[in-house]
Every structure is written in structure tokens, then in C-alpha cells.
Amino acid sequence: MVSGNYSLQYVDWAHDPIDNEEFEHLGTLTSHIITPTITIGISDYINFSYQQTIGIRTMDWQGPEVSSHHRDESSLTDFINAIGSVFGDARFNLKYLLTNTGSMSGSRIFLGFGLVVPSNSVLTESPFLKNEDGTPEHRHFSLSDGCYKTNFEIQFYMKNITKKRYVPSFYGITFNYTKPIKESEYGYMSGDTYIAIGSMLFSTQLPKKWHPKGLSIGLSNLKTEQAYWNNEEAPNTKSNFLMPSIGLIWSDKNLGSMSINFKYIKDNSLIPEDAPNGNVESIEMSIGYRKTLNYTIPWFDF
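From a predicted model like this one, the values you see are computed outputs, not experimental measurements.

1. Overview of the nonpolar core
Alright, step 1. Counting 8 residues, the largest nonpolar core consists of Val11, Trp13, Phe23, Leu29, Met59, Trp61, Phe141 and Val280.
Alright, step 2. Counting only elements with at least two residues in this core, the list comes to strand E1 (2-15) and strand E4 (46-61).
Alright, step 3. Those residues in contact with Trp61 that lie beyond four places of it in its chain are Trp13, Phe23, Glu24, His25, Leu26, Ser67, His70, Arg71 and Asp72.
Alright, step 4. Among the nonpolar cores identified, the runner-up in size contains 7 residues, and Leu123, Tyr188, Trp229 and Ala234 belong to it.

Okay, here's the thing in C-alpha cells:
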């Protein structure tokens, strides 16, 4: 199976003066991320997938004066404490199908284990360092944090054969736990990440071929633990927030399926602790596509 996802995230942020910069800090951070994925069925119960993150993050600085914290820049370029690149993390995952009731109503349970391999689009030094002149110029964002990680996942979903539009035809929950194996070569150690995603899919039962076949609604809870730079706590790395989503799905037997989703995030934990009256709001749109290929690798037979 081949699949891919394009994500556009627009973050609008602002906070009051910080350090010796006595002016309002505000701007936007826009991310364009593509994640192509190849999935191979090893057996009827096990599949293997490889996913590569490709993208760009762009900061649009809207403050009234020059700041050492922010400027117009992107993740494609190098900076004093950053290496630029178009490539982000690569993910390798194995999934085991524990239960599957086929086309009948019932449960689908997946168990997953994976490895996250970082790219070289990383920060090479903590953006929170200070010297005798105050805060030196720095960048806060990149496509990767530079840490190798393990990933554990369990998915539990129920299929419900129903003709009632207000009863979900598919619903369930996914739990994901990501743990760093070791710090990056530049001394950064990310925190553990916990993600819980609940979702429901309703059949629209619309007759036209171009009509969406499904309406999805979901709610995610994302929690990240404390991260460290050279064994010292990295500010603003702990977070815990909810993310509602809504989307539509189009499906065709020959062409595959496509989805579009919208998410909203409000997470003020990203604002510096010594900057009062901060606000961070984010809107994300993602477009996904997947198609199962009628192809068997000749030499890959178990």
C-alpha cells in the first residue's frame, strides 16, 4: 500500500516583552509537511511501513524591532544554532493484527512497534543560553530534534454495520507512546510523548460518486514530558493539550481513498515562562491519500 499526507499548520503567537527586548513579540509559524509512506504486508497479520517526513517551517516575524529570538527565516537554511534541511525524521514500524472480524461487525486491534530515525535538520545548541550581553541570536525550530526514539502503539476500533447516519460505522481509540533512546549528538534529550486519539466515522450515504462517503470527528490528547539541553531543563517543552478535529473522506474502489481534516490547537505552554500575557493558537489542515496496490513482490514470500 502507498499513502501520503500533506499537512498545513498555521500558528499565530504573541507574548509580552522578554529579557531586555522591551517590545511586544508576535508572529506566525507556518509548516508545510509531506509524509509519504510505503506499507508492505509481510503476512496476513504483520505489516511493515516506512514513512519519511519532508517539509519546511517558516517564521514570519511581525514585531516592531529587531529581536535576537525571532526573525524572518525558514528551516531550509542554516543559522548560528541550526542546520537547515528539507528532510525530517524517518519512521519504521511493524504492526500486528491481533483481531479482525473482516467485513462483519466487530473489533479490530493492532499492536505496533517502531523506530524513529532523526534527520540532520536540528538545533545544534540550546536557544535558551545567555551570555554577558544578554541573549545571543538563536533559532527555536527545526524539522527534527535529533533523537533516536522507540515507538509503541495500540489501536482498538469497532466496525458497526448500520444504515443510520447518526450511528458511527467505525469508532475507536489509539494510544501511542514515544520514548527517546539517547540524546542528540548536540546534547538535546527530548521528553517522552503520550498521544491518545479517539475518533468516530459516520457514513454519509450520499449517492453521487463525487460525494464524500464518510464524516469523521475526533479528539486527541497530546502530552510531552520535560526535555533537556545538556542535562539542564529546556523551558517550554512540557505540554498537555486537547486537539479536536473534523474531516471528510472520499473513497473509490479503483482510485483509492482521500481525506481532508481540520484541527484546532491552543497551547500556551510554548510561551516563555517569563513572558506574561502569551497566546498560541494553531489551525491545521491535512490532506491524505491511500491506495492498496494489487502487487506481490516476487521474492518476498513467507
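Anyway, onward from the coordinates.
2. Quick word on the pairing of strand E6 (residues 87-100)
Alright, step 1. Here 8 bridges tie E4 to E6, and the two strands are oriented antiparallel to one another. For Ile54, the partnering residue across the bridge sits in E6 and is Phe87.
Alright, step 2. As defined by bridge partners, E6 adjoins strand E7 (residues 106-117) across 10 bridges and the pair is classed as antiparallel. When the bridges of E7 are listed, Lys95 appears paired with Gly112.

3. A closer look at the pattern of salt bridges
Alright, step 1. Considering all chains together, one arrives at 7 salt bridges under this definition.
Alright, step 2. A salt bridge links Lys209 to Asp252; the shortest N-O distance between them is 3.6 Å. Here the residue Lys209 occupies a position in the loop between strand E11 (193-203) and strand E12 (214-224), and Asp252 occupies one in strand E15 (residues 239-252), the gap between them amounting to 43 residues.
Alright, step 3. The closest approach of N and O atoms between Lys223 and Glu225, which form a salt bridge, is 3.9 Å.
Alright, step 4. Look at Lys223 and you get partly exposed, because its relative accessible area is 34%.
Alright, step 5. You can call Glu225 partly exposed: its relative accessible area is 25%.
Alright, step 6. Several salt bridges converge on common partners, so that one network encompasses Arg71, Glu73 and Arg139.

4. Let's talk about a nonpolar patch on the surface
Alright, step 1. A cluster of nonpolar side chains, Tyr45, Ile46, Leu94, Tyr96, Leu98, Leu111, Ile154, Phe156, Ile173 and Phe175, forms an exposed patch at the surface whose accessible area comes to about 860 Å².
Alright, step 2. Of all the secondary structure elements, the ones that give two or more residues to the nonpolar patch are E6, strand E8 (149-159) and strand E9 (170-180).
Alright, step 3. Take the nonpolar patch: its biggest share by element is 3 residues, from E6.
Alright, step 4. With respect to the helices, strands and loops of the structure, Leu94 is situated in strand E6.
Alright, step 5. Its relative accessible area of 40% is what places Leu94 among the partly exposed residues.

Definitions and limits used
Residues numbered from 1 in each chain as written. Predicted model: local features only at pLDDT ≥ 70, side-chain atom pairs only at ≥ 80, totals over all residues. Heavy atoms only, no water. Core = buried A, V, L, I, M, F, W, Y, C linked by side-chain atoms within 4.5 Å. Buried < 20%, exposed > 50% of the residue type's maximum accessible area, 1.4 Å probe, protein only. Helix = DSSP H or I, 4+ residues; strand = E, 2+ residues; numbered from the N terminus. Contact = heavy atoms within 4.5 Å. Pairing = 2+ DSSP bridges. Salt bridge = Lys/Arg side-chain N within 4 Å of Asp/Glu carboxyl O. Patch = residues over 30% accessible without salt bridge, like charges linked within 9 Å, V, L, I, M, F, W, Y side chains within 5 Å. Areas by Shrake-Rupley, 256 points an atom, 1.4 Å probe, with all protein chains shown as cover.

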